[in-house]
Amino acid sequence: MTKLKKKTSKNSKIHQKIDFFYVQHQQTEFQSLDSGKLKLATPKPLKQGWFCVDKRSIKNQSILGSNSVLYIGKNKPLEEGIVKYFSDFRFKGIGQATIRKIVEVEKVQFLFMVNKGLLNFKDKVDLPIPQIKIIDKVFSKEFDRAFLDILLRDIGLRFNQVESIRDNMGSEFITNLLNEPETLLKRSVEIDGIDKIVSRVNIQDLKNLLNRFEVPISEEKLILMSIEDFLISEETKGGHTCRNVFYVMNQVAKISNVDKYKVKEYLYQNKEKFHFFDKEEKEFIETLDSKKRDSEVKELIKKIINKKSTEKKLQFTDKKISNQIELSDEQLKAINGVINSKVSIITGGPGSGKSTTVIGIVKALEKFKKKIKICTPTGRAKKRLIQMPELNFQDASTIHMYLELLKRSKANFNFMIIDESSMVDINILRKLLKYHPVNSSLIFIGDVDQLPPVSPGQPFKDMIDSGKIPTFKLTGNFRQESLSNIVKAARNVIKGKEPSIYDDINGQFSFIEVSENEEFEMIRNLYFEQLPEAIGSKDQEKIQILSPQKTKELGTINLNISIQQTLHQGRKSLFGNKNFEFYPGDKVIETSNKNDLDIMNGDIGSVVRKSKDSYIFEFDGEEVEYSFEGIQSLELAYAITVHKSQGSEYEAIIIQCSNAHSFMLKRNLIYTALTRGKKKVIMVGQKKAFLNGLEKMISRNTNLQKKLIKIQKK
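Residues numbered from 1 in each chain as written. Predicted model: local features only at pLDDT ≥ 70, side-chain atom pairs only at ≥ 80, totals over all residues. Heavy atoms only, no water.

Caption draft 1: Looking closely at the overall build of the protein. Secondary structure assignment for the protein yields 25 helices and 30 strands. The C-alpha radius of gyration computed for the protein amounts to 29 Å, which stays within 12% of the reference 27 Å derived for 714 residues, consistent with globular compactness. Principal-axis analysis of the C-alpha atoms places the extent of the protein at approximately 90 × 65 × 55 Å. Split into buried and exposed, the 714 residues of the protein put 55% on the buried side. Within the protein, residue pairs in contact and separated by at least 24 positions form 68% of the contacts whose partners lie at least 6 positions apart. Looking at the protein as shown, the accessible area adds up to about 33600 Å², and 47% of this sits on carbon and sulfur atoms. Between the centroid of the 117 positive side chains of the protein and the centroid of its 91 negative side chains there is a distance of 5 Å. (Helix = DSSP H or I, 4+ residues; strand = E, 2+ residues; numbered from the N terminus. Rg over C-alpha atoms; globule rule 2.2 N^0.38 Å. Buried < 20%, exposed > 50% of the residue type's maximum accessible area, 1.4 Å probe, protein only. Contact = heavy atoms within 4.5 Å. Areas by Shrake-Rupley, 256 points an atom, 1.4 Å probe, with all protein chains shown as cover. Lys, Arg positive; Asp, Glu negative; His and termini not counted. Charge placed at Lys NZ, Arg CZ, Asp CG, Glu CD.)

Have a look at this one:
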């Protein structure tokens, strides 16, 4: 028998090795799939069936402690996990039907065969030799984590959950599920002293796991875990880092089908497991992780503010900073304010002069021989900044890329400017502050009236509202006469007032009223025919469709498919991922950070071609090579959500404004969408939905402002 050469991973710092063994009735020794014969160090009867064990618990063929042994059943255990694992894209040319057919015959024995080298059992499996070799090659490479991967897939977890638990918790999943199941609910884990945001299981997933593996748990512990899960869900889905305690108790009681007084009793008997505080004369609650995060941000800001400086006060007086730009008095005041502050903020809406103020800050700091670093939340925001001639030579990067580069080199600048700061969430801000040189100054620039970040918190707004950070508000009132109709409309919208609107596409800002079932047809007509002609463009490159929502019948997913079908009628796609088929020239958006490719979440590109095992796309005029695994995070981008559009500007935009999206249509979302357009903004849908949206605001419950108020300056 040829022994399979198994490779030990040197990259993972998380232990991932587990083993499976079968227990016969009243047996004291068990045959495992990989470790040979095993026995319990402390004899204890185990029920008949399959078990899994963390391999760190095995010493001299003895399992130390039964709290590391998880019963996984006797009725077809692991079979679904085996099928899902070996039909993964890494095993090319081997589909689910092929593997399922083999597993129906061999059952778990198939895993034993693969572990010993499937080539040794080539006569027992109906597979061509090349496919057998692929299985042996991939399995040997992934041996350390393969068994854990199979277990997690078998219990029905989603792929992102499997990946997250495998890579961030590893084999501790077994002992955690048995002894500390609440750890599986966590959204943030600490790895090598660094907090990492991970995909997690929710309370319903956890209940299913506890039930499947017959792990006993008290009602009290289940309710406390449900409260923790609800708070994490509110943060993940709505950006709220805290909630009114009575709201939380009522919701958990409803979800758990438990009397609310029982929920209250358990909660107040375990107050130390959460953080309670008063806000607006009401009691609020947050997780201990949220409290810790806000406290860290406060202390890090306080440390920068209170760092003594020997610098003399700087005075910049140059109003004329280029042939085209002359600064106003309020811009000059803001510039001198921020260059003399350790941490400071500039906020202003469209037409207020933020971009020219950034240029002014850079000119002032250059005059005083200061080193500057500019960061933005997205690649598109960075691109928009450096397209300005006065800034195209500056050291600019996305925040994510800057943090990645810090792993290889130290920060070296006197001032950091963070543009589009309203998009920065509390997790990114904490990481940014954690690695910020305490002697360097921070300047946050953004529009506080825009949407809060996609991820948790609203630190830009909280810093302003705290009154502890020097803040300079730009109004641009001096240039009122030169403001476009789009800017004037946006200013009315943020005040909750109905703006002046054209009912055809001749104006800069128009609203075309149609019924819900006519929206797609009108949007297609505008996109392909009317708008290109109106803006003098031969194609749709300068036009972007925006929608409040991704899902639902009238969301971006269906809009994108509708546009794509019109573009590529009768053609064959080049390739696809789990969600979309892609054709040559398709507009795509990256939905995760690909630091190795220098492509960030929100970057927009286009499909070029397929080359053997690679997939070629174009981003900002450069070809980028993706793997099959990499393209899974790409989506079509003819239509994107308003959130995804932040930090970008387009010649013309079409905004979907439908009754179907009334839950999402709020004043600051409409305002954010409007301010993405430079020459033309056309809203399509029902005017009633638009007017109702002006009456509502997206608001968040956070505790950072309250923390920052306590900062005492030395």
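Caption draft 2: Inspection of the sheet that holds strand S16 (residues 415-418) at higher detail. Reading across the sheet, the 6 strands line up as S15-S14-S16-S17-S13-S18 and stay open at both edges, with parallel pairing between neighbours. Of all strands in the sheet, those with a lone pairing partner are strand S15 (396-398) and strand S18 (471-474), marking the two edges. Across this sheet, the average inter-strand angle for adjacent strands is 20°, counted without regard to direction. Here strand S14 (residues 372-376) runs beside S16; their pairing, made up of 4 bridges, is parallel. When the bridges of S16 are listed, Ile372 appears paired with Phe415. Helix H13 (residues 329-338) contacts strand S13 (343-348), S16, strand S17 (441-446) and S18 of the sheet and is inclined by roughly 160° relative to S18. (Pairing = 2+ DSSP bridges. Axes fitted to C-alpha atoms, helices over the stretch in contact; angles between N-to-C directions.)

Caption draft 3: Structural detail: the packing of helix H4 (residues 129-141) against helix H5 (residues 143-154). It is at 5 Å that the axes of H4 and H5 come closest, and there the two elements cross at 100°. With respect to each other, H4 and H5 are oriented roughly perpendicular. Of the residues in H5, those touching H4 at Phe139, Ser140 and Lys141 are Phe143, Ala146 and Phe147. Grouping the amino acids of the contact of H4 with H5 by side-chain chemistry returns 4 nonpolar, 1 polar and 1 charged. (Parallel < 35°, antiparallel > 145°, perpendicular 65-115°, else oblique. Nonpolar A, V, L, I, M, F, W, Y, C, P; charged D, E, K, R; others polar.)

Caption draft 4: Here's a closer look at H5. The end-to-end C-alpha separation of H5 is 17 Å, in line with the 16 Å expected for 12 residues at 1.5 Å each. A large share of H5 lies buried, amounting to 11 of its 12 residues. Burial in H5 covers these residues: Phe143, Asp144, Ala146, Phe147, Leu148, Asp149, Ile150, Leu151, Leu152, Arg153 and Asp154. At the exit of H5 stands Gly156, carrying a positive phi of roughly 85°. (Expected span 1.5 Å × (residues − 1).)

Caption draft 5: Looking closely at the packing of helix H3 (residues 109-116) against H4. Orientation of H3 relative to H4, taken along the N-to-C sense of each, is 80°, at an axis distance of 9 Å. With respect to each other, H3 and H4 are oriented roughly perpendicular. Contacts from Leu111, Val114 and Asn115 of H3 reach H4 at Ile135, Asp136 and Phe139. Class assignment for the residues of the contact of H3 with H4 results in 4 nonpolar, 1 polar and 1 charged.

Caption draft 6: Structural view of the environment of Pro130. Relative to the helices and strands, Pro130 is located in helix H4. On a C-alpha basis, the gap between Pro130 and Phe30 in space is 34 Å, while along the polypeptide they are 100 residues apart.

Caption draft 7: Up close: the pairing of strand S19 (residues 509-513). With 4 of 5 residues buried, S19 is to be regarded as a mostly interior element. Of the pairings in the sheet, the one linking S19 to strand S30 (residues 677-685) comprises 5 bridges and is parallel in character. Within the sheet, the bridge partner assigned to Glu513 lies in S30 and is Gly685.

Caption draft 8: A look at the sheet that holds S19. Reading across the sheet, the 5 strands line up as S19-S30-S29-S20-S28 and stay open at both edges, with parallel pairing between neighbours. Edge strands, defined here as strands with exactly one partner in the open sheet, are S19 and strand S28 (639-641). Sheet twist, expressed as the mean angle between neighbouring strand axes with direction ignored, is 25°. Bridging between strand S20 (residues 543-547) and strand S29 (residues 650-657) involves 4 bridges; their strand directions are parallel. Counted as the bridge partner of Ile543 is Ala652 from S29.

Caption draft 9: Structural detail: the nonpolar core. Grouped together as the largest cluster of nonpolar side chains are 55 residues, with contacts concentrated most on Phe20, Phe86, Phe110 and Phe173. Setting aside chain neighbours within four positions, we find Phe86 in contact with Phe91, Ile94, Ile99, Phe110, Leu111, Val114, Ile135, Phe139 and Ile150. Phe520, Ile543, Ile563 and Leu634 belong to the second-largest nonpolar core, a separate cluster that totals 34 residues. (Core = buried A, V, L, I, M, F, W, Y, C linked by side-chain atoms within 4.5 Å.)

Caption draft 10: Molecular detail of the side chain of Thr376. Tracing the backbone shows Thr376 in strand S14. A distance of 2.8 Å separates a polar atom in the side chain of Thr376 from the backbone oxygen of Thr378. Thr376 has contacts with Ala381, Lys382, Leu385, Ser397, Thr398, Ile399 and Asp419, leaving out every residue within four places of it along the chain. (Polar contact = N/O pair within 3.5 Å; in protein donor to acceptor, adjacent residues only side chain to side chain.)

Caption draft 11: Up close: the pattern of salt bridges. Applying the stated criterion across every chain, the model contains 38 salt bridges. Here Asp88 and Arg90 are joined by a salt bridge, their closest N and O atoms 2.9 Å apart. No difference in accessibility class separates Asp88 from Arg90, as the two residues are buried. By sharing partners, the salt bridges in this structure join Asp88, Arg90, Glu142, Arg145, Asp149, Arg153, Arg166 and Asp167 into a single network. (Salt bridge = Lys/Arg side-chain N within 4 Å of Asp/Glu carboxyl O.)

That is the geometry; function is a separate question.
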